[in-house]
Amino acid sequence: MEHAIAVDAVTKKLDGRQILRGVTFEVGKGQVFGFLGPNGAGKTTTIRIMLGLFAPDSGRATIMGQDCGTDRARQYLGFVVDGDGLYDNATAEDNLAYFARIYQRPASRERIREVLGLVDLADRADSPAGTFSKGMRQRLAIARSLIHDPDVLILDEPTSGVDPSAQIEIRQLLLDIARNQGKAVLLSSHNMDEVQRICDRIALLYKGEVVLSGSLDELSAHMGRGGVVVRTDGPVPQAVWGAVAARPDFGLAGEPWREPGAPLEFTPADPALVPDIVRSLTEAGARITAVERGGMSLEEMYTSIVRRDRTA
Ligand SMILES: Nc1ncnc2c1ncn2[C@@H]1O[C@H](COP(=O)(O)OP(=O)(O)OP(=O)(O)O)[C@@H](O)[C@H]1O
């Protein structure tokens, strides 16, 4: 299947410095893709290449199979980067009409009202953008990026600086755009919780390279090494942890007796050992309240990679 966005071994030098060192990732239609990385990792440079503002030194970047930077690629692409780019004195409707003309796809009044409805601003069509809250401006900017019905949407920190309830609305909108309209949404973000909530897949860029990529479920299970977390009712008595610590194949992690009330974490040699772990704990007198799969959160994955390297 053709990828909506395909970035393949892209390199880029700026001012004699190697900024991108072979960046590769793909985004499919209907997906929300999280593009992550610490400051200076090269996200904006990669986004500029996708928007056609920079050409790669080597490698290839395409939007719906068309080379980034070509008019054909641009027609498939909507974006909100570097602020919302709205005209404060123009009404919401006029802002959209203006951008539709830039895309050489003049939009009918019906189309403009339809897109404003999608971002829940239909009743503010005649209000100047300057009267809108930050969250409403961001939704109007997203509407603007959708006016020519692109297949791909690229958003740089779309919820930065908006209040929590407006963030929820924007996330819901992005999910709707991907799931119900089948568009590919690439979202750069420093907010791991947000990415974990709405993204299907991620790429973590670090020092100009993708150091982690894939579906969040797979990454979490893989980096958590298939472990399990067992929660108990009250502190774990010595006899209980002693019973499971005596079985190296159970893979008891840490020293639970040092932290009264902490859950017991295991990375068993074989997932089939989980019922044996539960039985051993119960027989030793533990009152188990929950057994959970112990994958890593995205934030834990991110910090384990970035911190590990910084301290190396
Ligand atoms: N036009 C330019 N000329 C020279 N160097 C640049 C240029 N643009 C960016 N850089 C450098 O490239 C590196 C990567 O920057 P980039 O903006 O792509 O990172 P980023 O991942 O988007 O970071 P942030 O999260 O802070 O936005 C930085 O060291 C930056 O100083």
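Note that this is a predicted model, so its numbers are computed, not measured.

Participant: Can you walk me through the overall build of the protein in this structure?
Facilitator: What the protein contains, in helices and strands, is 11 helices and 14 strands. By its C-alpha atoms, the protein is 75 × 50 × 35 Å across when sized along the principal axes. Buried positions account for 46% of the 312 residues belonging to the protein. Across the protein, the fraction of contacts at a sequence separation of at least 24, relative to all contacts at a separation of at least 6, is 69%. In the structure as shown, the protein presents an accessible area of about 15300 Å², 46% of it carried by carbon and sulfur atoms. Counting 36 positive and 42 negative side-chain charges, the protein places the centres of these two groups 4 Å from one another.

Participant: Honestly, the pattern of salt bridges in this entry has me stumped. Any pointers?
Facilitator: In the structure shown here, the tally under the stated rule is 19 salt bridges. The closest approach of N and O atoms between Glu 93 and Arg 109, which form a salt bridge, is 3.0 Å. Placement of the pair is Glu 93 in helix H3 (residues 92-102) and Arg 109 in helix H4 (residues 109-118), with a sequence separation of 16 residues. The buried category is assigned to Glu 93, whose relative accessible area is 12%. Judged by its relative accessible area of 49%, Arg 109 falls in the partly exposed class. The salt bridge involving Arg 113 is made with Glu 93; its shortest N-O contact spans 2.6 Å. Pair noted here: Arg 113 is in helix H4 and Glu 93 is in helix H3, with a separation of 20 residues, a long-range link.

Participant: Quick question: what am I supposed to make of the packing of aromatic side chains here?
Facilitator: The geometry of an aromatic ring pair is captured by the separation of the ring centres together with the interplanar angle, meaning the angle of the planes. What the rule picks out here adds up to 5 aromatic pairs. Residues Tyr 87 and Phe 99 carry aromatic rings whose centres are separated by 6.2 Å and whose planes lie at 25° to one another, so their mutual orientation is stacked. Of this pair, Tyr 87 sits in the loop between strand S6 (77-80) and H3 while Phe 99 sits in helix H3, and the two are 12 residues apart along the sequence. Judged by its relative accessible area of 41%, Tyr 87 is partly exposed. In this structure Phe 99 comes out as buried when scored by relative accessible area, which is 12%. Between Tyr 98 and Phe 99, the ring centres sit 5.5 Å apart and the planes meet at 80°, which makes this aromatic pair edge-to-face. You can call Tyr 98 partly exposed: its relative accessible area is 33%.

Participant: I keep staring at the confidence of the model for the protein and nothing clicks. Help me out?
Facilitator: Segments scoring low in pLDDT should not have their predicted coordinates read at a detailed level. When pLDDT is averaged along the protein, the result is 89, and 94% of the positions lie at 70 or above. Taken together, the chains of this predicted complex give a pTM of 0.80 and an interface ipTM of 0.94.

Participant: What should I look at first to understand the pairing of strand S7 (residues 152-156) in this one?
Facilitator: Counting buried residues along S7, 4 of its 5 residues qualify, which places the element largely inside the surrounding structure. Pairing of S7 with strand S8 (residues 184-188) involves 5 bridges; the strand directions are parallel. When the sheet's bridge partners are listed, Leu 155 is paired in S8 with Leu 187. Handedness of the β-α-β unit built from S7, helix H6 (residues 164-179) and S8 comes out right-handed.

Participant: Would you mind going over the domain arrangement of the protein with me for this structure?
Facilitator: For interface size, the figure often reported is the accessible area lost on association. Domain assignment breaks the protein into domain 1 (5-214) and domain 2 (226-294). A separation of 45 Å is found between the C-alpha centroids of domain 1 and domain 2.

Participant: Sorry if this is basic, but what is going on with the site of the ligand here?
Facilitator: Lining the immediate environment of the ligand, one finds 13 residues, of which Gly 40, Gly 42, Lys 43, Thr 44 and Thr 45 sit closest. Within the side chain of Lys 43, one N or O atom sits 2.8 Å away from an oxygen atom of the ligand. Between an oxygen atom of the ligand and a side-chain N or O atom of Thr 44, the distance comes to 2.5 Å. Relative to its unbound accessible surface of 640 Å², the ligand loses 66% to contact with the protein. Elements that contribute at least two residues to the shell around the ligand include exactly strand S2 (17-27) and helix H1 (43-51). Sort the elements by how many residues they give to the shell around the ligand and H1 lands first, with 3 residues. The residue makeup of the shell around the ligand, split by class, is 4 nonpolar, 6 polar and 3 charged.

Parameters at a glance
Residues numbered from 1 in each chain as written. Predicted model: local features only at pLDDT ≥ 70, side-chain atom pairs only at ≥ 80, totals over all residues. Heavy atoms only, no water. Helix = DSSP H or I, 4+ residues; strand = E, 2+ residues; numbered from the N terminus. Buried < 20%, exposed > 50% of the residue type's maximum accessible area, 1.4 Å probe, protein only. Contact = heavy atoms within 4.5 Å. Areas by Shrake-Rupley, 256 points an atom, 1.4 Å probe, with all protein chains shown as cover. Lys, Arg positive; Asp, Glu negative; His and termini not counted. Charge placed at Lys NZ, Arg CZ, Asp CG, Glu CD. Salt bridge = Lys/Arg side-chain N within 4 Å of Asp/Glu carboxyl O. Phe/Tyr/Trp six-rings, centres within 6.5 Å; stacked < 30°, edge-to-face > 60°. pLDDT = per-residue confidence, 0-100. Pairing = 2+ DSSP bridges. Right-handed = clockwise from strand over helix to strand, strands pointing away. Domains from an automatic or database assignment. Near = heavy atom within 4 Å. Polar contact = N/O pair within 3.5 Å; in protein donor to acceptor, adjacent residues only side chain to side chain. Nonpolar A, V, L, I, M, F, W, Y, C, P; charged D, E, K, R; others polar.

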